[in-house]
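Residues per chain, in single letters:
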Amino acid sequence: MTKKTDLPAGDNQEPSLDELLARMNQAAPTATAKYDVTYCGMVAIVGRPNVGKSTLLNKLLGQKVSITSKKPQTTRHRIMGIHTDGPSQIIFIDTPGLHIEEKRAINRLMNRAAASSLADVAMVIFVVDGMTWTADDEMVLQKIQHRNDDRKIILAINKVDNIKDKESLFPYLTELAKKFDFDEILPISASKGTNVQRILDMARESLPEAPFYFPEDYVTDRSQRFMASEIVREKLMRFLGDELPYDATVEIEQFKMMENGVYQINALILVEREGQKRMVIGNKGERIRTIATQSRLDMETLFENKVFLEVWVKVKSGWADDERALRSLGYGES
Ligand SMILES: Nc1nc2c(ncn2[C@@H]2O[C@H](COP(=O)(O)OP(=O)(O)OP(=O)(O)O)[C@@H](O)[C@H]2O)c(=O)[nH]1
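All of these numbers come straight from a predicted model, not from anything done at the bench.

Q: Please give an account of the overall build of the chain that cites residues and values.
A: Across its full length, the chain holds 10 helices and 9 strands. Looking at the chain as a whole, 53% of its 334 residues qualify as buried. Total accessible area on the chain is roughly 15,200 Å²; 48% of this is exposed by carbon and sulfur atoms.

Here's what the structure looks like:
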């Protein structure tokens, strides 16, 4: 079992992909002592919002590092999921969903974050939603096929568990095969695990010979503090449903271990309007209590430690349209 307590400490700062690559190139080959030859590289998971990229990442890793929800654009940050098996270390990058709509500042920043993660990867997993090919899918395809190198590009048609008549998939597969010379087209179910092992095998085979970048027991590059904020954000989305489109972000104001060994975590939910604050709090504080309890339980599982969690809500007006405010919250890489 992976030691989750070894998640890096540190703060919410988001390193750019270039920084990560530079660090990777300088990595000391300490973890490789056991093997004469090791393999390590990045595999990007791309696709329009809501196709199941985070669900796939969690399934590939066998545990939850990326938050998921029914709502598109749940993933706002780049998350690395690390899978180490024998002499191979695959670093999966779960990118924010690529999409055409660029009206709001947050969308522009998310598109840039997604595009930059396509450089220097060993393989690209292009995820689409079973049987529906949209203009956004077309745009993602344009982005990935314009880089002419010898990376593998595989097409994962997700949510096939939803398709009752499996035969109806064949004409669709034929249609998609005409769009691009994919190295492989795989119908998958990220939630049920269908064909996920095949993707893992292909990812492993695509790795170049290189030292491990992360210690063997890491599951993500993210700090515990970051994971804590993502967990609260997931619960917010789950318990507020469609009522919160972009308008909430979570800051971890305090993350420390108390003398009795329990983690004290203070989370601040920032919303855009007073009405949203009332929604988050709920009738007599019921909703925020549920959010806090569910978040605490997930944190205790991930950190393998008792957690004392306090959650507050505050109105921070207009942030979703202000690129500068977004940068200060860590969405600001290009
Ligand atoms: N039926 C079915 N639903 C799935 C499958 N994979 C994902 N989903 C659902 O699809 C929704 C979106 O999944 P996510 O993993 O959050 O999607 P994403 O592509 O990471 O979304 P963004 O964060 O918007 O980029 C969730 O409600 C998932 O439960 C699958 O294989 N089958």
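Q: Kindly report on the nonpolar core, identifying the contributing residues and their values.
A: Membership of the largest hydrophobic core comes to 53 residues, with the highest contact counts inside it found for Leu56, Phe92, Ile125, Ile265, Ile269 and Phe303. Among the elements that make up this core, the one with the highest residue count is helix α7 (residues 224-240) (7 residues). In this structure, this core is formed jointly by two domains, domain 1 (35-204) and domain 2 (222-327), each of which donates at least three residues. Among the nonpolar cores identified, the runner-up in size contains 30 residues, and Ile144, Phe182, Phe212 and Tyr213 belong to it.

Q: An account of the sheet that holds strand β7 (residues 248-257) is needed here, citing residue identities and associated values.
A: The strand order across the open sheet formed by 3 strands is β7-β8-β9, and the pairing between neighbours is mixed. Where the open sheet ends on each side, the last strands, each with one partner, are β7 and β9 (307-315). When the angles between neighbouring strand axes are averaged without regard to direction, this sheet yields 15°. Note that β7 and strand β8 (residues 263-271) share 9 bridges and pair antiparallel. Bridge pairing in β8 places Ile252 opposite Ala267. Set on the sheet, α7 makes contact with β7 and β8; between it and β7 the angle comes to about 135°. Across the sheet, helix α9 (residues 286-303) is in contact with β7, β8 and β9; its angle to β9 comes to roughly 135°.

Q: Mind laying out the packing of helix α8 (residues 274-281) against α9, listing which residues take part and the relevant values?
A: Viewed as axis vectors pointing N to C, α8 and α9 meet at an angle of 65°, and their least axial separation amounts to 5 Å. Facing α8, whose interface residues are Met279, Val280 and Ile281, α9 presents Glu286, Arg287, Ile288 and Ile291. Here the residues of the contact of α8 with α9 are counted per class, giving 5 nonpolar, no polar and 2 charged.

Q: I'd love a proper account of the environment of Gln145, names of residues and values included.
A: Locating Gln145 in the fold gives a position in helix α4 (residues 135-145). Residue classification places Gln145 among the partly exposed positions, given a relative accessible area of 26%. Measuring from C-alpha to C-alpha, the distance between Gln145 and Phe182 comes to 9.6 Å, with 37 residues separating the pair along the chain. The residues contacting Gln145, other than those within four sequence positions of it, are Lys179 and Phe180.

Q: Just give me the short version of the side chain of Gln264, but keep the residues and values in it.
A: Topologically, Gln264 is positioned in strand β8. Among the polar contacts listed, one links the side chain of Gln264 to the side chain of Asn266, at a separation of 2.8 Å. Among all residues touching Gln264, those that are not within four sequence positions of it are Gln254, Phe255, Lys256, Met258, Phe308 and Glu310.

Q: Break down the sheet that holds strand β3 (residues 88-94) for me, citing the residues and quoting the values.
A: As summarised here, the arrangement of the 6 strands in space is β2-β3-β1-β4-β5-β6, forming an open sheet in which the pairing is mixed. Only two strands of the sheet have a single partner each, and these edge strands are β2 (79-85) and β6 (184-187). The mean angle between the axes of side-by-side strands here comes to 20°, regardless of whether they run parallel or antiparallel. Strand direction decides the pairing type here: β2 and β3, joined by 7 bridges, are antiparallel. Looking across to β3, one finds that Gly81 is bridged to Phe92. In the packing of α4 onto the sheet, the strands contacted are β1 (39-46), β4 (123-129) and β5 (152-158), and the crossing angle to β4 comes to about 170°.

Q: Break down the pairing of β8 for me, citing the residues and quoting the values.
A: Within β8, 9 of the 9 residues are buried, which leaves the element mostly enclosed by the surrounding structure. Residues of β8 alternate between two faces, with Tyr263, Ile265, Ala267, Ile269 and Val271 on one and Gln264, Asn266, Leu268 and Leu270 on the opposite face, all of them buried. In this antiparallel pair of consecutive strands, β7 and β8, the connection spans 5 residues, and Gly261 shows a positive phi of 90°. As paired strands, β8 and β9 are joined by 9 bridges and run parallel to one another. Note on β9: the bridge partner recorded for Tyr263 is Val307.

Q: For the packing of aromatic side chains, give the residues involved together with the corresponding values.
A: Evaluation of the coordinates by the stated rule reveals 7 aromatic pairs. Here the aromatic rings of Phe180 and Phe182 are separated by 5.0 Å at their centres, their planes lie at 75°, and the arrangement is edge-to-face.

Q: For helix α6 (residues 196-205), give the residues involved together with the corresponding values.
A: Every buried residue of α6 is accounted for by Val196, Ile199, Leu200, Met202 and Ala203. Down the axis of α6, the smallest arc covering the buried residues is 165°, so these residues share one side.

Q: Before we move on, can you summarise the environment of Asp181 with the specific residues and values?
A: Inspection of the secondary structure assignment puts Asp181 in the loop between α5 (169-179) and β6. C-alpha of Asp181 to C-alpha of Leu155: the two residues are 26 residues apart in sequence and 9.9 Å apart in space.

Q: Give me unusual backbone geometry: which residues, what numbers.
A: At Asn50, a position not held by glycine, the phi torsion is positive, near 75°. Considering the arrangement of structural elements, one finds Asn50 in the loop between β1 and α2 (53-61). For Asn195, which is not glycine, the phi dihedral falls at a positive 65°. Mapped onto the elements of the fold, Asn195 is located in the loop between β6 and α6.

Rules and cut-offs
The numbering scheme is per chain: residues are counted from 1 as the chain's sequence reads. Local features are withheld for residues below a pLDDT of 70 in this predicted model, meaning they are given only at 70 or higher, and side-chain atom pairs are given and counted only at 80 or more; totals for whole chains, interfaces and linings count all residues. By convention in this description, side-chain values take in all heavy atoms of the structure and omit both hydrogens and water. We count a stretch as a helix when DSSP gives it H or I for four or more residues in a row; a strand needs E for two or more, and each element gets its number in order from the N terminus. The rule is simple: take the accessible area with a 1.4 Å probe, protein chains only, and divide by the maximum for that residue type; under 20% is buried, over 50% is exposed, in between is partly exposed. Surface exposure here means Shrake-Rupley accessible area, sampled with a 1.4 Å probe, where a residue is shielded only by the protein chains that are shown. The criterion is simple. A nonpolar core is a set of buried Ala, Val, Leu, Ile, Met, Phe, Trp, Tyr and Cys residues joined through side-chain atoms within 4.5 Å. For the purposes of this description, domain bounds are those given by an automatic or database domain assignment. Note: two strands are recorded as paired if DSSP finds a minimum of 2 bridges between them. Axis definition: a line fitted to C-alpha atoms, limited for helices to the stretch in contact. Angles are taken between N-to-C directions and run from 0 to 180 degrees. Residue contacts are defined here by distance: any two heavy atoms, one from each residue, within 4.5 Å place the two residues in contact. Three residue categories are used. Nonpolar comprises Ala, Val, Leu, Ile, Met, Phe, Trp, Tyr, Cys and Pro, charged comprises Asp, Glu, Lys and Arg, and polar comprises the others, including Gly. Each polar contact in these results corresponds to two N or O atoms within 3.5 Å; when the atoms are within protein, one needs to be able to donate a hydrogen and the other to accept it, and residues that are neighboring in sequence are counted only if both atoms are side-chain atoms. Side-chain rings of Phe, Tyr and Trp, where Trp is taken by its six-membered ring, are said to pair if the distance between their centres is within 6.5 Å; with planes under 30 degrees apart they count as stacked, over 60 as edge-to-face, and otherwise as tilted. The reported arc concerns the directions from the helix axis to the C-beta atoms and nothing else.

Keep in mind these numbers describe shape, not what the thing actually does.
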